[in-house]
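Commentary on secondary and tertiary structure
Here is what each chain is made of, one letter per residue.
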Amino acid sequence: MPEMYFQIRWPDGAEENCYSPSLVIVDFLKPGETYPLSDFVGRCDQALNEASERVQKKYGYFCSSAMDQLGRIHEHARQFEKQPDAVVSVQSFKPGSR
């Protein structure tokens, strides 16, 4: 299953390299786009859950790496919840090498 990494920039300027076990992430996020924080988290919820389900259909188990990544996204996003104008920018996509 082709995996994908997506580079993001948080509202404080910190960049993070995130993981998706499936190319489905490109259906939810676009490089160069900026998303309001809640929209970004919602898109990641949908994409990474769908990616994990694709792994389950193919291999018989859900992808713990996708769920770990989603947990890190939620954890990091909590820092900015009180900022009404908080946005997350998607910098780029890069194919995985696993």
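My aim in this report is to walk through the structure given alongside it, one point at a time. (Residues numbered from 1 in each chain as written. Predicted model: local features only at pLDDT ≥ 70, side-chain atom pairs only at ≥ 80, totals over all residues. Heavy atoms only, no water.)

**Observations concerning the packing of helix 1 (residues 37–59) against helix 2 (residues 64–78)**
Put simply, helix 1 and helix 2 touch, their axes get as near as 9 Å, and they point 170° apart. If you check the angle between helix 1 and helix 2, you find them roughly antiparallel. Counting all contacts with helix 1, which are made through Leu37, Phe40, Val41, Cys44, Asp45, Leu48, Asn49 and Ser52, the residues of helix 2 involved are Ala66, Met67, Gln69, Leu70, Ile73, His74 and Ala77. When grouped by side-chain class, the residues that make up the contact of helix 1 with helix 2 number 10 nonpolar, 4 polar and 1 charged. (Axes fitted to C-alpha atoms, helices over the stretch in contact; angles between N-to-C directions. Helix = DSSP H or I, 4+ residues; strand = E, 2+ residues; numbered from the N terminus. Parallel < 35°, antiparallel > 145°, perpendicular 65-115°, else oblique. Contact = heavy atoms within 4.5 Å. Nonpolar A, V, L, I, M, F, W, Y, C, P; charged D, E, K, R; others polar.)

**Details of the state of the cysteines**
What is meant by a disulfide is a covalent connection between two cysteines, made through their sulfur atoms. Applying the stated rule across the entire model yields 0 disulfides. Cys18 forms no disulfide, and the closest cysteine sulfur to it belongs to Cys44, at a distance of 6.7 Å. (Disulfide = S-S within 2.5 Å.)

**A short note on the packing of aromatic side chains**
We describe a pair of aromatic rings using the distance from one ring centre to the other and the angle between the two ring planes. Counting across every chain of the model gives 4 aromatic pairs. Measuring from centroid to centroid gives 6.1 Å for Trp10 and Phe80, while their planes differ by 20°, and the two rings are stacked. Taken as a pair, Trp10 in the loop between strand 1 (4–9) and strand 2 (15–20) and Phe80 in the loop between helix 2 and strand 4 (87–95) lie far apart in primary sequence, 70 residues in all. Put simply, the rings of Trp10, Phe40 and Phe80 touch in pairs and so form one group of aromatic residues. (Phe/Tyr/Trp six-rings, centres within 6.5 Å; stacked < 30°, edge-to-face > 60°.)

**A few points about the pattern of salt bridges**
Taken as a whole and judged by the stated rule, the model has 3 salt bridges. For Arg54, the salt bridge is made with Glu50, and the minimal N-O distance between the two is 3.1 Å. One end of the pair, Arg54, and the other, Glu50, are both in helix 1, 4 residues apart, so they sit about a helical turn from each other. With a relative accessible area of 29%, Glu50 lands in the partly exposed category. (Salt bridge = Lys/Arg side-chain N within 4 Å of Asp/Glu carboxyl O. Buried < 20%, exposed > 50% of the residue type's maximum accessible area, 1.4 Å probe, protein only.)

**Brief notes about the sheet that holds strand 2**
Taken in spatial order, the 4 strands make up an open sheet running 2-1-4-3, and their pairing is antiparallel. The open sheet has two free edges, formed respectively by strand 2 and strand 3 (34–36), since each of these has just one partner strand. Each neighbouring strand pair of the sheet contributes to a mean axis angle of 35°, computed without reference to strand direction. In this sheet, strand 4 lies alongside strand 1 in antiparallel orientation, the contact comprising 6 bridges. Directly across from Met4, in strand 4, lies its bridge partner Pro95. Contacts between helix 1 and the sheet are confined to strand 1, strand 2, strand 3 and strand 4, with strand 3 contributing the most and set at about 100° to the helix. (Pairing = 2+ DSSP bridges.)

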